[in-house]
Amino acid sequence: LRHMAGDLEGALGGYRGVLDILFGEHKHLFDRLLLQNAPSGQNVPNPMELEKLGLDRRDLDLIKFLLTEVSSREVLFNTLDNIGTLLSQQGNVNGSITYQFMSALLTIGQRAEPDYNRDSLMLDLISSTVGIFKASKSEFRWSVWEWIPSIIHGTELELEAGKETTLLPFDTLSLPVTPMWRKKIAVHHASQYERFHRKTDVIFKSLQNRANSSEGGRKIIKRLRVGYLSHDFNDHPTAHLMEGLFQWQNATGSIDVSAYSYGKDDGSRYRTNIARATGTFLDLAASSTDDAIDAVRRDGPHVLLDCQGHTYGARTELLASGLAPVQASYLAFPGTVGGSPAFADYLIGDRFASPPERAGQFAERLALLPGSYQANHFSGPPGIAIARGSDAWRRLRVAWDLPPSESTFVLANFNKIDKLEPGVVRAWMTVL
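Residues numbered from 1 in each chain as written. Predicted model: local features only at pLDDT ≥ 70, side-chain atom pairs only at ≥ 80, totals over all residues. Heavy atoms only, no water.

**Details of the packing of helix H5 (residues 93–108) against helix H6 (residues 118–137)**
Next up, step 1: It is at 9 Å that the axes of H5 and H6 come closest, and there the two elements cross at 170°. Taken as axis vectors, H5 and H6 run roughly antiparallel relative to one another. Here Val 93, Ser 96, Ile 97, Gln 100, Phe 101, Ser 103, Ala 104, Thr 107 and Ile 108 of H5 come into contact with H6, specifically with Leu 121, Asp 124, Leu 125, Ser 127, Ser 128, Gly 131, Ile 132, Ala 135 and Ser 136.
Next up, step 2: Here the residues of the contact of H5 with H6 are counted per class, giving nine nonpolar, eight polar and one charged. (Axes fitted to C-alpha atoms, helices over the stretch in contact; angles between N-to-C directions. Helix = DSSP H or I, 4+ residues; strand = E, 2+ residues; numbered from the N terminus. Parallel < 35°, antiparallel > 145°, perpendicular 65-115°, else oblique. Contact = heavy atoms within 4.5 Å. Nonpolar A, V, L, I, M, F, W, Y, C, P; charged D, E, K, R; others polar.)

**Considerations on the sheet that holds strand E6 (residues 303–306)**
Next up, step 1: The seven strands lie next to each other as E5-E4-E3-E6-E7-E8-E9, forming an open sheet whose pairing is parallel. With one partner strand each, in any of the chains shown, strand E5 (280–283) and strand E9 (365–368) form the two edges of the open sheet. For this sheet the average axis-to-axis angle between neighbouring strands, irrespective of direction, equals 25°.
Next up, step 2: Examined bridge by bridge, strand E4 (residues 255–261) and E5 share four bridges and lie parallel to one another. Looking at E5, one finds that Ser 261 is bridged to Asp 283.
Next up, step 3: Lying over the sheet, helix H11 (residues 237–252) contacts strand E3 (224–230) and E4, oriented at roughly 165° with respect to E3. (Pairing = 2+ DSSP bridges.)

**A few points about the nonpolar core**
Next up, step 1: Leu 19, Phe 30, Leu 76, Leu 80, Met 102 and Leu 106 are the most contacted members of the largest nonpolar core, which has 54 residues in total.
Next up, step 2: Those residues in contact with Leu 106 that sit more than four places away from it in its chain are Phe 30, Ile 63, Leu 67, Leu 76, Phe 77 and Leu 80.
Next up, step 3: Formed by 22 residues, the second largest nonpolar core is a distinct cluster that contains Phe 233, Leu 241, Tyr 270 and Ala 375. (Core = buried A, V, L, I, M, F, W, Y, C linked by side-chain atoms within 4.5 Å. Buried < 20%, exposed > 50% of the residue type's maximum accessible area, 1.4 Å probe, protein only.)

**Some remarks on the environment of Leu 420**
Next up, step 1: Looking at where Leu 420 falls in the secondary structure, it is placed in the loop between helix H15 (391–399) and helix H16 (422–431).
Next up, step 2: You can call Leu 420 buried: its relative accessible area is 7%.
Next up, step 3: Remark: the alpha-carbon pair of Leu 420 and Lys 137, spanning 283 residues in sequence, is separated by 7.8 Å.
Next up, step 4: With residues near it in sequence (within four places) discarded, Leu 420 still touches Lys 137, Phe 140, Trp 142, Trp 145, Asn 413, Val 425 and Trp 428.

**Some details on a nonpolar patch on the surface**
Next up, step 1: On the surface, a cluster of nonpolar side chains totalling about 470 Å² of accessible area is made up of Ile 386, Leu 396, Trp 400, Leu 402 and Val 410.
Next up, step 2: Note that Val 410 resides in the loop between H15 and H16. (Patch = residues over 30% accessible without salt bridge, like charges linked within 9 Å, V, L, I, M, F, W, Y side chains within 5 Å. Areas by Shrake-Rupley, 256 points an atom, 1.4 Å probe, with all protein chains shown as cover. Salt bridge = Lys/Arg side-chain N within 4 Å of Asp/Glu carboxyl O.)

**Quick look at the packing of aromatic side chains**
Next up, step 1: Enumeration according to the criterion identifies seven aromatic pairs in this entry.
Next up, step 2: Taking the centre distance of 5.8 Å and the plane angle of 65° together, the rings of Phe 133 and Trp 145 count as edge-to-face. Of this pair, Phe 133 sits in helix H6 while Trp 145 sits in the loop between H6 and helix H7 (148–160), and the two are 12 residues apart along the sequence. Across this residue pair, the class does not change: Phe 133 and Trp 145 are buried.
Next up, step 3: Geometrically, the ring pair formed by Phe 140 and Trp 142 is edge-to-face, given 5.1 Å between the ring centres and 65° between the ring planes.
Next up, step 4: Note on Phe 140: relative accessible area 33%, which makes it partly exposed. (Phe/Tyr/Trp six-rings, centres within 6.5 Å; stacked < 30°, edge-to-face > 60°.)

Spatial relationships are all this shows, so hold off on functional conclusions.
The following block contains the structure:
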């Protein structure tokens, strides 16, 4: 719960406390194993290539001993993987890799047991392997790109076993896989939320309840109610882009706009401005699934735009439940959300992000905007622009180890490093 709430230090202390309880008086042996097998350098061994690991016999004996002494293997592996994920979130890549590699070593230690099955072991190893892969990408450790075939193989084993895949839909966007394989992962991931799918006639009553008048016995809507659902109405790129959209829609006066937030209130100006620019701002962060669904339905949007998709913090069950007569996926995740039937009626995109000739890759119908689908806030806060060629501009270039001359070409990337891949970087280096 602390981890999910963003209290990383508190969660880390809690996870380490769990390890103390699990190992008891043998915790020092685990710590020694952790220290001895911490991967170093750029080349981290692939846990799924068992025969190449070359584990020391003494280490194997110690692993088997620890596995017999620990009170719950399931809690142990979950805790190690969670620590690895948390340390990666903190930017501690080496620490993240160390704990997830330890999870892999303890998993591999089970192969000496009588009921050892290689495919079962591969299923157990995929979690730590994907964790190490994702952490390594954030530091340009390109050697892990050689793991992609084994990661795909492990993911296929998870699919065959009916398990939730460790590789998330968002992870597939930067991998060299086919678009239909990406869709398969997204649809499989969405299937766990299909039990929430309750899009019945009851929901469509909001359309009638919000009608202003009637003509010839028909309900006529004079003001459209549009709701936006997101985890990221705070200091996050989604809010940075959408702040201007909310302000524009508020200024037109022709649309009733609501924002439904289930992310943390960080007190940022982005959250404050979005709350101020919307007619209704619901904070659903502490609400249960049922309470959140009821709150949105009471607000009665005619159209709901989900601005999260399969990204960090998503509460896909809310979208799956059917919150409005018309639902669309927008902005944060340019792939399919999935669902059977589809959780969103439309995906709002453009001919670059979601080309019409690739409509089969989406569970949703494509609603393509004529230019770019991405909203932007063009009037940012005052005082941040620095004139090109000014003294302040030159001082900043020197501070960033850039030549002070205006004639020098500078290429900048403002994405997270783990979104990059070797082919793109090679292309950049060719240009430079």
